Amino acid sequence: MHRPLPCCAWRLPESGNISLGAKEPATRLKGENRLPRPSRIPAWPALVCLIVIALVPLLFALSRLEVSTTTHDLIGPDSAEARFEQKIRARFPQDANLIALFAGPDLFEDHFLDRLDKLIEARQLALPGAQVLSLSNFERVRGGDGEFLIEALLEPDRRAGLSAEQRRELVLADTGAVRHLVSERGDMIALLILPAVVGDSRQRVQMIDELRADIRSLELDGHLAGMTGSIALNVAATEAVWFDIRALGPLSLGLGLLLMLWMFRRPLAILALIATMSAALGTALCITLARGFPFTMVTAILIPLLMALSVALLVHWFNALAYHANAGRRGRERVEAAHADVHRPALFTSLTTAAAFLSLSTSPDPVRLFGQSVAAAVIVQYLCVMWLLPALLVRWDAGSWPDTGRGLGRIGRPIVRLALLSMRQIGLVIALMLLFLLLAIPLVQRVHMDAQVLSFLPAQHPVVLSTELFNSEFHGYTSVEIILTGAERDHLIQTAQLQRIAELQDWASAQPEVDQALSLIDLIEDIHWAFNDEDPAFRRLPEDDALIAQYLLVYDGEVLDKYIDRERRMARILLLTTIYSSAQMRSFLERLNPILATIKAEGLAAEVTGEAYLLAINEQRILSGQLRGLIVASLTILLLLALLWRSLPAALLCMLPNLFPVMLVLVILGALGMPLNAITAMITAIILGLSVDDTIHLYHGYQRRRNLGHGRVWSVVYSYRRAGRAVTATTAILTGVLLVLTLSRFGPTMEFGLLTGAGIFAAWLFDVLALPALIALVARWRCFEAGPSDHEPVTRPH
């Protein structure tokens, strides 16, 4: 049973026991006069240093940074899978593709097909080495009189004597073309572009723009039904990131500036925020450049996030300045008194926030890069606000600050009332916390990870609609590649090895996600069928190694190079799938991996690659890394709190209410069925790092007053009256600025803003309602604090 609080400990000012408006004397603890004083730094050198830090890194980074959201830009070159992918691209074509869909009743008329031929020719000239495929240049194997030939399905000479209906029947009779380049009803034709060099997002945007320009110049835009493919999806994601940069960045910046102006009504506050924000953003972007990464969909949330963190730190600093200004202090005395109040909690909040973001290093890039860049930016923010800004304030801040009893100061009274209510209703608060845990556990267990590429964009986005249309009429375009490697030259054209490839291809074709499986086997069977007068009985693998070698020697074309290398030692099975999420990929791999293990046991090396595979593997590693990162962040923050309070029990006390916001975010994910992805997976560690900042400021004020000799309840009142209003203001600002991200056109960014905003608000709620109750609950345990009890006489502050 906890000891009930004395009546005088919770009565409000109306009873005359606690005066919420009383000023506190500027009493210093022993040793505080020996603290470093940034106010002693000369003003002009400090100003020059702040300007350099604010401008040089930012301008340098903006002049060199590119925006790109390709798979390789997201995952980086460090993983074994990425290095294997690069090795494969030296031997086999890229798997990225761009698809233009044409629809209409006249697709097989001369006026359309002739223009389509010109479009193919224009794209081949613009993209050297690229494969630009449609019906007029789609190659097929034909045979007769003991020989075979390669002919285009609907080339101009062949279609010249045919009517539109005859052309349509010819095309629909070709099983290789149906659902690959033409729909089953013949009312839609696809133009497939497979570039030899894909490039970054900027080059992909240019590729689409040039294709649209050619379509317009050839007057084919009336037939264009849409564009899809991995390149189109990537460009759509890049455009969404650009929208976030151009629209949400300035919006979050403007919101932060307006809130600072409303709270403090000083141009100096605005200038300080701009300088701090610029320094932090420049630092983060320079680290991104140094690591060799572009501006991706993950780093796109830097601007709102760093704005929120800059405002939060400055609010505590300016709140302390305003308090001492209204206490009658001026100049250096005011700055030094304010610095003595906030420098220690500001240091440790910066360290805990940086630790939380550094814990993201347990995940692969781009999450690791994001965590490292934000952590560095947080430290730069602290240096600017707590070391350079004080020197400027001593020299140039001669004006008054808003009365803390008005505006922002009015927040203090209701905060104190809530804190005192929490201390009185300990049993109810603890019961509600336990009830929340019981209700949360089943919902947390429903949290899963799944990066659904199409869900990243709005449902009515043109690329999403085009992709859905393509999926309904054609084979899926998401490619998964199985790479088989033999022990020696010509190993993979031996009959036994080819049979293994055929069995694996047949197994893949039977999987629900696979629309079509293509390999060397198809080409050999077609050649064997053609050499035997197109007898269906010969559409199979020959049993003679020499005959197979002869076939491949006779047909040494471009198609062959897509499926086997020149040494005949490495082969490729290309799977065209409808896999658009990492969950689908993991499900497919769970069935594929045992098959590949059997092949490896028989002497062949077998690996999976492709952009979709790389993304799925990276997503899984991010989730695993975040589980480790949350543990690392928790232990690091606990250690920092123990150093700050010089007490492990007190550190545990402060950690407890900050675990509940993390739990709440997971509850929201589970309740709404929202999957974790590369961006939202970072939320738990980030919420923990941000939420503990408020606890540090509140508990620091409480512990400082206990050390000065105040009673427990008096210490809670003064801490929550002074730090509570700044904590509430920073919570409102952080929540508001991060909720700006919900306006994003990119799904993961929108979800990140919503969940992070909810988590930060929950952190404030638990700090106000749970922390005072926990302080009262452990009051009898002397290991948590040293100070007089509430029954001992304490001199009231004047």
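Model, not experiment: these values are computed from the prediction. (Residues numbered from 1 in each chain as written. Predicted model: local features only at pLDDT ≥ 70, side-chain atom pairs only at ≥ 80, totals over all residues. Heavy atoms only, no water.)

What about the overall build of the protein chain?
Next, step 1: Secondary structure summary: the protein chain contains 26 helices and 10 strands in total.
Next, step 2: Across its three principal axes, the protein chain shows a C-alpha extent of roughly 115 × 55 × 45 Å.
Next, step 3: Counting across all 798 residues of the protein chain, residues that qualify as buried make up 58%.
Next, step 4: Contacts in the protein chain between residues far apart in sequence, at least 24 positions, make up 81% of those at least 6 positions apart.
Next, step 5: Total accessible area on the protein chain is roughly 31400 Å²; 60% of this is exposed by carbon and sulfur atoms.
Next, step 6: With 71 positive and 76 negative side-chain charges, the protein chain shows a separation of 23 Å between the mean positions of the two kinds. (Helix = DSSP H or I, 4+ residues; strand = E, 2+ residues; numbered from the N terminus. Buried < 20%, exposed > 50% of the residue type's maximum accessible area, 1.4 Å probe, protein only. Contact = heavy atoms within 4.5 Å. Areas by Shrake-Rupley, 256 points an atom, 1.4 Å probe, with all protein chains shown as cover. Lys, Arg positive; Asp, Glu negative; His and termini not counted. Charge placed at Lys NZ, Arg CZ, Asp CG, Glu CD.)

A word on the packing of aromatic side chains
Next, step 1: Under the definition given, this model contains 19 aromatic pairs.
Next, step 2: Ring centres of tyrosine 477 and tyrosine 580 lie 5.6 Å apart, and the angle between their planes is 65 degrees; on these two criteria the pair is classed as edge-to-face. Of this pair, tyrosine 477 sits in the loop between helix H15 (462-473) and strand E7 (478-485) while tyrosine 580 sits in the loop between strand E9 (570-577) and helix H20 (582-601), placing them 103 residues apart in sequence. You'll find tyrosine 477 and tyrosine 580 in the same group, each marked buried.
Next, step 3: Among the aromatic residues, those joined into a ring-pair cluster are Phe470, Phe474, Tyr477 and Tyr580.
Next, step 4: One Lys or Arg, arginine 722, reaches over the ring of tyrosine 323 and ends 3.6 Å from the middle of that ring.
Next, step 5: Taking the ring centre of phenylalanine 243 as reference, the NZ or CZ of arginine 745 above it sits at 4.0 Å. (Phe/Tyr/Trp six-rings, centres within 6.5 Å; stacked < 30°, edge-to-face > 60°. Lys NZ or Arg CZ within 6 Å of the ring centre and 35° of its normal.)

Description of the packing of helix H21 (residues 611-645) against helix H22 (residues 648-672)
When two helices pack together, you describe them by how their axes are tilted relative to each other and by the distance separating the axes.
Next, step 1: Between H21 and H22, the shortest axis-to-axis distance is 8 Å and the interhelical angle comes to 140 degrees. Taken together, the axis directions place H21 and H22 in an arrangement best described as oblique. Two packed elements cross with a definite hand, and for H21 against H22 that hand is right-handed. When H21 is examined against H22, the residues Leu630, Ser634, Ile637, Leu638, Leu641, Ala642 and Trp645 are found in contact with a partner set consisting of Leu648, Ala650, Ala651, Leu652, Cys654, Met655 and Val662.
Next, step 2: Tallied by class, residues from the contact of H21 with H22 come to 13 nonpolar, 1 polar and no charged. (Axes fitted to C-alpha atoms, helices over the stretch in contact; angles between N-to-C directions. Parallel < 35°, antiparallel > 145°, perpendicular 65-115°, else oblique. Left-handed = near helix turned anticlockwise from the far one by under 90°. Nonpolar A, V, L, I, M, F, W, Y, C, P; charged D, E, K, R; others polar.)

Section: the sheet that holds strand E2 (residues 131-133)
Next, step 1: As summarised here, the arrangement of the 4 strands in space is E2-E5-E1-E6, forming an open sheet in which the pairing is antiparallel. Because the sheet does not close on itself, it has two edges, and the strands there are E2 and strand E6 (224-228). Strand-to-strand twist across the sheet, computed as the mean angle between neighbouring axes with direction ignored, equals 15 degrees.
Next, step 2: Note: strand E1 (residues 98-103) against E6, 4 bridges, orientation antiparallel. Each bridged residue has a counterpart across the sheet, and for leucine 101 the counterpart in E6 is glycine 226.
Next, step 3: Running at roughly 165 degrees to E6, helix H7 (residues 201-217) makes contact with E1, strand E5 (188-194) and E6 of the sheet. (Pairing = 2+ DSSP bridges.)

Details of the sheet that holds strand E8 (residues 514-518)
Next, step 1: Strand order in the open sheet formed by 4 strands is E8-E9-E7-E10, and the pairing between neighbours is antiparallel. Two strands close off the open sheet at either side, each with one partner strand: E8 and strand E10 (605-609). On average, each strand axis in the sheet is inclined to that of its neighbour by 20 degrees, with strand direction left out of account.
Next, step 2: Together, E7, E9 and E10 form the strand contacts of helix H3 (residues 80-89), whose direction differs from that of E10 by roughly 100 degrees.

Here we look at the confidence of the model for the protein chain
Next, step 1: Per-residue confidence for the protein chain averages 86 on the pLDDT scale, and 91% of its residues sit at or above 70.
Next, step 2: Confidence drops under a pLDDT of 50 for residues 1-23, and excluding neighbours within four residues, the segment shows 51 contacts in the predicted structure.
Next, step 3: Here residues 786-798 is modelled with pLDDT under 50, and outside its nearest four sequence neighbours on either side it reaches 30 contacts, counting other chains as well. (pLDDT = per-residue confidence, 0-100.)

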